[in-house]
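Chain and residue survey
What follows is each chain in one-letter form.
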Amino acid sequence: MVSSTGGRSGGHDDAALDEIELAGELMIAATASSGERLPTERIDEVLLDRADPRSADRDADG
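The text that follows walks through the structure, step by step, so that each part is easy to find. (Residues numbered from 1 in each chain as written. Predicted model: local features only at pLDDT ≥ 70, side-chain atom pairs only at ≥ 80, totals over all residues. Heavy atoms only, no water.)

1. Examining the overall build of the chain
Along its length, the chain carries three helices and zero strands. Along the chain, from the amino end to the carboxyl end, the secondary structure elements read α-α-α. Surface accessibility of the chain: about 5,500 Å² in total, with carbon and sulfur atoms responsible for 54%. (Helix = DSSP H or I, 4+ residues; strand = E, 2+ residues; numbered from the N terminus. Areas by Shrake-Rupley, 256 points an atom, 1.4 Å probe, with all protein chains shown as cover.)

2. Quick word on the environment of Ile 43
With respect to the helices and strands, the residue Ile 43 is situated in helix H2 (residues 40–49). Residue Ile 43 is classed as partly exposed on the basis of its relative accessible area, which comes to 28%. Between the C-alpha atoms of Ile 43 and Ala 29, which are 14 residues apart in sequence, the distance is 8.0 Å. Once residues within four sequence positions are removed from consideration, Ile 43 is found in contact with Leu 26 and Leu 38. (Buried < 20%, exposed > 50% of the residue type's maximum accessible area, 1.4 Å probe, protein only. Contact = heavy atoms within 4.5 Å.)

Have a look at this one:
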């Protein structure tokens, strides 16, 4: 099977992985929630608590 990206890594794959990770974190938070729905405040906490991977890369580059 041949990838349509031609073996390139980059933007679309990284964005998709970030979205999958975010969705997973939201699912974990929803599972831990005692209510029927995850409160908006908790969603904000989960989304805003994540470290921006791009800034972490910049910090590592020094």
